[in-house]
Amino acid sequence: MKPPTRFLSAAIGLGLAGALGAAVPASAAPTATDTAPASTAASIARYEGSAEDKAATKAFFDAVVKAVAEKRAANPGAAVVTVNYSTANAPSFRSQIASSTSIWNSSVSNVRLQEGGSASFQYYEGNDSRGSYASTDGHGRGYIFLDYRQNQQYNSTRVTAHETGHVLGLPDHYSGPCSELMSGGGPGTSCTNAYPNAAERSRVNQLWANGLAKALAQVNKADTLAKTG
(Lines give C-alpha, C1' and ligand atoms only; values in the text may rest on other atoms or scores of the structure.)
Protein backbone atom coordinates (compact mmCIF):
# COMPACT_ATOMS: atom_id res chain seq x y z
CA MET A 1 0.00 0.00 0.00
CA LYS A 2 1.25 3.40 -0.81
CA PRO A 3 -0.37 5.67 1.74
CA PRO A 4 -2.49 8.40 0.23
CA THR A 5 -1.39 11.95 0.09
CA ARG A 6 -1.29 13.71 -3.15
CA PHE A 7 -1.25 17.48 -3.66
CA LEU A 8 1.31 18.70 -1.17
CA SER A 9 2.71 22.11 -0.49
CA ALA A 10 5.62 23.31 -2.50
CA ALA A 11 9.05 23.30 -0.97
CA ILE A 12 12.44 24.68 -1.76
CA GLY A 13 15.15 22.70 -3.42
CA LEU A 14 16.81 19.68 -1.88
CA GLY A 15 19.89 17.78 -2.70
CA LEU A 16 17.53 15.27 -4.31
CA ALA A 17 16.20 17.79 -6.78
CA GLY A 18 18.44 16.75 -9.64
CA ALA A 19 17.43 13.13 -9.35
CA LEU A 20 13.72 13.80 -9.59
CA GLY A 21 13.40 15.15 -13.09
CA ALA A 22 11.44 12.21 -14.47
CA ALA A 23 8.74 12.64 -17.08
CA VAL A 24 5.20 12.59 -15.74
CA PRO A 25 3.10 9.73 -17.14
CA ALA A 26 -0.23 10.82 -18.60
CA SER A 27 -1.99 8.42 -16.26
CA ALA A 28 -0.69 10.36 -13.27
CA ALA A 29 -3.41 12.99 -13.58
CA PRO A 30 -6.03 12.96 -10.80
CA THR A 31 -8.84 10.54 -11.53
CA ALA A 32 -12.49 11.57 -11.57
CA THR A 33 -14.08 10.46 -8.32
CA ASP A 34 -17.27 8.98 -9.73
CA THR A 35 -15.87 7.27 -12.82
CA ALA A 36 -12.56 5.80 -11.66
CA PRO A 37 -12.28 2.11 -10.77
CA ALA A 38 -11.99 1.44 -7.05
CA SER A 39 -8.66 0.26 -5.71
CA THR A 40 -8.08 -3.29 -4.57
CA ALA A 41 -5.16 -4.88 -2.73
CA ALA A 42 -4.03 -6.42 -6.03
CA SER A 43 -4.29 -3.21 -8.09
CA ILE A 44 -2.42 -1.20 -5.47
CA ALA A 45 0.30 -3.85 -5.23
CA ARG A 46 0.81 -3.71 -9.01
CA TYR A 47 1.32 0.06 -8.92
CA GLU A 48 3.38 0.47 -5.76
CA GLY A 49 7.07 0.14 -6.47
CA SER A 50 6.46 0.02 -10.23
CA ALA A 51 8.53 2.08 -12.67
CA GLU A 52 5.53 4.36 -13.19
CA ASP A 53 5.12 4.88 -9.46
CA LYS A 54 8.80 5.72 -8.96
CA ALA A 55 8.87 8.10 -11.93
CA ALA A 56 5.73 9.89 -10.75
CA THR A 57 7.10 10.28 -7.22
CA LYS A 58 10.40 11.68 -8.49
CA ALA A 59 8.67 14.06 -10.90
CA PHE A 60 6.41 15.21 -8.07
CA PHE A 61 9.30 16.08 -5.79
CA ASP A 62 11.16 17.83 -8.61
CA ALA A 63 8.10 19.96 -9.43
CA VAL A 64 7.62 20.97 -5.80
CA VAL A 65 11.30 21.83 -5.36
CA LYS A 66 11.37 23.92 -8.54
CA ALA A 67 8.24 25.85 -7.61
CA VAL A 68 9.54 26.65 -4.14
CA ALA A 69 13.02 27.58 -5.35
CA GLU A 70 11.55 30.10 -7.77
CA LYS A 71 9.45 31.71 -5.04
CA ARG A 72 12.21 31.72 -2.44
CA ALA A 73 14.90 33.13 -4.72
CA ALA A 74 13.63 36.56 -3.72
CA ASN A 75 14.36 35.82 -0.05
CA PRO A 76 17.51 33.64 0.08
CA GLY A 77 18.34 34.58 3.66
CA ALA A 78 15.38 32.74 5.21
CA ALA A 79 16.44 30.12 7.77
CA VAL A 80 13.33 27.98 7.25
CA VAL A 81 11.83 27.08 3.89
CA THR A 82 8.04 27.35 3.79
CA VAL A 83 6.17 25.02 1.46
CA ASN A 84 2.58 26.04 0.76
CA TYR A 85 -0.17 23.58 -0.07
CA SER A 86 -3.91 23.48 -0.77
CA THR A 87 -6.61 21.12 0.54
CA ALA A 88 -9.39 22.60 -1.60
CA ASN A 89 -9.67 19.41 -3.65
CA ALA A 90 -9.56 17.04 -0.67
CA PRO A 91 -12.21 18.37 1.75
CA SER A 92 -12.87 14.93 3.28
CA PHE A 93 -9.25 14.63 4.42
CA ARG A 94 -8.63 18.11 5.84
CA SER A 95 -8.35 16.76 9.38
CA GLN A 96 -5.83 14.05 8.43
CA ILE A 97 -3.83 16.48 6.30
CA ALA A 98 -3.71 18.99 9.16
CA SER A 99 -2.53 16.25 11.52
CA SER A 100 0.14 14.95 9.14
CA THR A 101 1.57 18.38 8.32
CA SER A 102 1.59 19.23 12.03
CA ILE A 103 3.51 16.01 12.70
CA TRP A 104 6.11 16.91 10.11
CA ASN A 105 6.36 20.54 11.28
CA SER A 106 7.08 19.35 14.82
CA SER A 107 9.58 16.75 13.59
CA VAL A 108 11.90 18.80 11.34
CA SER A 109 13.44 22.26 11.58
CA ASN A 110 14.57 23.33 8.09
CA VAL A 111 11.24 23.23 6.28
CA ARG A 112 7.69 24.12 7.24
CA LEU A 113 4.44 23.04 5.57
CA GLN A 114 1.76 25.71 5.50
CA GLU A 115 -1.75 25.77 4.02
CA GLY A 116 -2.72 28.71 1.84
CA GLY A 117 -0.77 31.23 -0.17
CA SER A 118 0.70 30.34 -3.53
CA ALA A 119 0.53 26.55 -3.28
CA SER A 120 3.27 24.45 -4.83
CA PHE A 121 1.29 21.28 -4.33
CA GLN A 122 -2.25 20.22 -3.69
CA TYR A 123 -4.10 17.30 -2.15
CA TYR A 124 -6.82 15.49 -4.10
CA GLU A 125 -9.27 12.78 -3.14
CA GLY A 126 -11.25 10.15 -5.02
CA ASN A 127 -11.20 6.57 -6.28
CA ASP A 128 -8.19 5.24 -8.14
CA SER A 129 -7.12 1.66 -8.79
CA ARG A 130 -3.54 2.70 -7.96
CA GLY A 131 -4.46 3.75 -4.43
CA SER A 132 -2.87 6.89 -2.99
CA TYR A 133 0.20 8.44 -4.61
CA ALA A 134 2.28 11.56 -5.25
CA SER A 135 2.61 12.93 -8.78
CA THR A 136 2.54 16.16 -10.83
CA ASP A 137 -0.07 17.91 -12.95
CA GLY A 138 2.41 18.13 -15.83
CA HIS A 139 2.58 21.93 -15.50
CA GLY A 140 5.24 22.37 -12.85
CA ARG A 141 3.11 21.70 -9.80
CA GLY A 142 2.79 18.63 -7.62
CA TYR A 143 -0.18 16.90 -6.06
CA ILE A 144 -1.00 14.16 -3.57
CA PHE A 145 -3.92 11.87 -4.36
CA LEU A 146 -5.76 10.21 -1.46
CA ASP A 147 -7.72 7.11 -2.39
CA TYR A 148 -10.95 6.51 -0.47
CA ARG A 149 -10.73 2.75 -0.14
CA GLN A 150 -7.10 2.67 0.87
CA ASN A 151 -7.74 5.25 3.56
CA GLN A 152 -10.51 3.05 4.94
CA GLN A 153 -8.28 -0.02 5.05
CA TYR A 154 -5.21 1.68 6.54
CA ASN A 155 -4.78 4.34 9.18
CA SER A 156 -5.63 7.48 7.24
CA THR A 157 -3.28 9.83 9.10
CA ARG A 158 -0.38 7.42 8.50
CA VAL A 159 -1.24 7.28 4.81
CA THR A 160 -1.38 11.07 4.56
CA ALA A 161 1.80 11.62 6.57
CA HIS A 162 3.58 9.01 4.41
CA GLU A 163 2.58 10.71 1.17
CA THR A 164 3.56 14.07 2.61
CA GLY A 165 6.96 12.58 3.29
CA HIS A 166 7.45 12.45 -0.48
CA VAL A 167 7.01 16.22 -0.59
CA LEU A 168 9.98 16.47 1.73
CA GLY A 169 12.14 14.17 -0.39
CA LEU A 170 11.78 10.75 1.22
CA PRO A 171 11.37 7.63 -0.98
CA ASP A 172 9.24 4.58 -0.24
CA HIS A 173 10.75 1.74 1.77
CA TYR A 174 7.98 -0.85 2.04
CA SER A 175 10.22 -3.48 3.63
CA GLY A 176 10.79 -1.32 6.71
CA PRO A 177 9.13 -1.77 10.14
CA CYS A 178 6.00 0.02 11.37
CA SER A 179 8.22 2.53 13.21
CA GLU A 180 9.44 3.75 9.81
CA LEU A 181 6.83 6.05 8.27
CA MET A 182 7.98 5.52 4.69
CA SER A 183 7.41 1.76 5.01
CA GLY A 184 3.83 2.71 4.18
CA GLY A 185 1.52 -0.28 3.96
CA GLY A 186 4.35 -2.78 4.17
CA PRO A 187 3.78 -3.62 7.88
CA GLY A 188 0.06 -4.24 7.22
CA THR A 189 -3.22 -2.61 8.20
CA SER A 190 -2.55 -2.98 11.93
CA CYS A 191 0.25 -0.38 11.76
CA THR A 192 -1.03 3.04 12.82
CA ASN A 193 2.25 4.92 13.37
CA ALA A 194 2.07 8.32 11.65
CA TYR A 195 5.42 9.70 12.87
CA PRO A 196 8.79 9.65 11.05
CA ASN A 197 11.60 7.93 12.92
CA ALA A 198 14.90 9.60 13.86
CA ALA A 199 16.63 8.61 10.61
CA GLU A 200 13.79 10.00 8.50
CA ARG A 201 13.73 13.27 10.44
CA SER A 202 17.49 13.65 10.07
CA ARG A 203 17.35 12.93 6.34
CA VAL A 204 14.71 15.60 5.72
CA ASN A 205 16.68 18.21 7.69
CA GLN A 206 19.83 17.37 5.73
CA LEU A 207 18.01 17.53 2.40
CA TRP A 208 16.49 20.90 3.06
CA ALA A 209 19.62 22.44 4.55
CA ASN A 210 21.67 21.45 1.49
CA GLY A 211 18.90 21.71 -1.05
CA LEU A 212 17.98 25.31 -0.31
CA ALA A 213 21.34 26.65 -1.43
CA LYS A 214 21.46 24.26 -4.37
CA ALA A 215 17.99 25.15 -5.60
CA LEU A 216 18.65 28.86 -5.36
CA ALA A 217 21.89 28.41 -7.28
CA GLN A 218 20.00 26.62 -10.05
CA VAL A 219 17.39 29.38 -10.25
CA ASN A 220 20.08 32.10 -10.35
CA LYS A 221 21.93 30.21 -13.09
CA ALA A 222 18.74 29.95 -15.14
CA ASP A 223 18.10 33.68 -14.72
CA THR A 224 21.64 34.50 -15.84
CA LEU A 225 21.33 32.32 -18.94
CA ALA A 226 18.00 33.91 -19.79
CA LYS A 227 19.50 37.41 -19.63
CA THR A 228 22.58 36.56 -21.66
CA GLY A 229 20.96 34.10 -24.07
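Owing to the predicted nature of the structure, the values given are computational and were not obtained by experimental measurement.

Rules used in this analysis
- Residues numbered from 1 in each chain as written.
- Predicted model: local features only at pLDDT ≥ 70, side-chain atom pairs only at ≥ 80, totals over all residues.
- Heavy atoms only, no water.
- Helix = DSSP H or I, 4+ residues; strand = E, 2+ residues; numbered from the N terminus.
- Buried < 20%, exposed > 50% of the residue type's maximum accessible area, 1.4 Å probe, protein only.
- Areas by Shrake-Rupley, 256 points an atom, 1.4 Å probe, with all protein chains shown as cover.
- Disulfide = S-S within 2.5 Å.
- Salt bridge = Lys/Arg side-chain N within 4 Å of Asp/Glu carboxyl O.
- Phe/Tyr/Trp six-rings, centres within 6.5 Å; stacked < 30°, edge-to-face > 60°.

Looking only at helices and strands, one finds six helices and six strands in the protein chain. Along its sequence from the N terminus, the protein chain presents helices and strands in the succession β-α-α-β-α-β-β-β-β-α-α-α. Counting across all 229 residues of the protein chain, residues that qualify as buried make up 50%. Carbon and sulfur atoms make up 52% of the accessible area of the protein chain, which totals about 9400 Å².

On inspection of all chains with the given rule, the structure shows one disulfide. Linked covalently through their sulfurs, C178 and C191 form a disulfide whose S-S length is 2.0 Å. Across the disulfide from C178 to C191, rotation about the S-S bond amounts to roughly 85°, and the bridge is consequently right-handed. In this pair, C178 sits in the loop between α5 (156-167) and α6 (198-228) while C191 sits in the loop between α5 and α6, placing the two residues 13 residues apart along the sequence. The partly exposed category is assigned to C178, whose relative accessible area is 27%. On the accessibility criterion, C191 (3% relative accessible area) is buried.

We now examine the pattern of salt bridges. One pass over the full model with this rule turns up one salt bridge. Measuring nitrogen to oxygen at the nearest pair gives 2.8 Å for the salt bridge that ties R130 to D128. Residue classification places R130 among the buried residues on the basis of a relative accessible area of 10%.

So, on to the packing of aromatic side chains. In the structure shown here, the tally under the stated rule is seven aromatic pairs. A ring pair is formed by Y85 and Y123, whose centres lie 5.6 Å apart and whose planes are at 85°; its orientation type is edge-to-face. Note that Y85 is positioned in strand β2 (residues 81-89) and Y123 in strand β4 (residues 121-126), a separation of 38 residues in sequence. Exposure class is identical for Y85 and Y123. Each is buried. Through successive ring pairs, a cluster of aromatic residues spans Y124, Y133, Y143 and F145.

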